[in-house]
Every structure is written in C-alpha cells, then in structure tokens.
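Structural description and commentary
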Amino acid sequence: MPDTRWQKSSYSSEAGNCLELARSGSLLNVRESDAPDVIAATNLPRLHALLRSIKTGRFVRLS
C-alpha cells in the first residue's frame, strides 16, 4: 500500500509509537507504526463497536 495516506493518532508518543488509520474504499486499515507491514482491515461500525468496548473497560481483564 505505498500510495495509502496513513493518519497517525493524536495520542502518538514522542517516540513515534502510535496507531495509524487509512481509508481504502469502505474499509479502514489499521496498523501500528512500529510494525507497518502488519495491517488489519475493518469497517467503521465494527471499529466504533471496538472503541466503545475498550472505553467501557470490557477488555481490562485481558491485560
């Protein structure tokens, strides 16, 4: 995806470790800046559902 325009999270650290998003048609591509070759694709409703679950603490037990 060399022509893909990636957007870094506004919560990026000074070291550059962050989450990046890019739109590809109806999909959103997600990657970590320290592993740019590993890309996960999702759609907006699923990403919103994941973010809501994270904010409510649903995954706290996994850490």
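Above this text you will find the structure in question.
Given the structure is predicted, the values throughout are model-derived calculations rather than measurements. (Residues numbered from 1 in each chain as written. Predicted model: local features only at pLDDT ≥ 70, side-chain atom pairs only at ≥ 80, totals over all residues. Heavy atoms only, no water.)

**Considerations on the pairing of strand 3 (residues 27-32)**
As a reminder of what qualifies: One bridge is not enough; two strands pair if DSSP finds at least two bridges between them. Runs of E in the DSSP output that reach at least two residues are strands. Runs of H or I that reach at least four are helices, and both are numbered from the N terminus.
Here six bridges tie strand 2 (residues 19-24) to strand 3, and the two strands are oriented antiparallel to one another. Bridging across to strand 3, S24 finds its partner in L27. Counted along the chain from strand 2 to the antiparallel partner strand 3, the turn is two residues long, and its residue G25 has a positive phi close to 65 degrees. Note: strand 3 against strand 4 (residues 35-42), four bridges, orientation antiparallel. Note that in strand 4 the partner of E32 across the bridge is A35.

**Looking at the pattern of salt bridges**
Put simply, the rule reads: Throughout this description, the term salt bridge denotes a Lys or Arg side-chain nitrogen within 4 Å of a carboxyl oxygen of Asp or Glu. Relative accessible area decides the class of each residue, using a 1.4 Å probe on protein chains only: under 20% of the type maximum gives buried, over 50% gives exposed, and in between gives partly exposed.
Counted under the stated rule, the structure contains one salt bridge. The shortest N-O distance in the salt bridge between E20 and R31 comes to 2.5 Å. With E20 in strand 2 and R31 in strand 3, this residue pair connects regions lying eleven residues apart in the sequence. According to the relative accessible area criterion, R31 is buried, its value standing at 16%.

**Quick notes on the side chain of T42**
The criterion, for reference: Any pair of residues with heavy atoms lying within 4.5 Å of one another is described as a contacting pair.
Tracing the backbone through its elements, the reader meets T42 in strand 4. By relative accessible area, which is 18% here, T42 ends up buried. Excluding residues that lie within four positions of it along the chain, T42 makes contacts with L27, L28 and L47.

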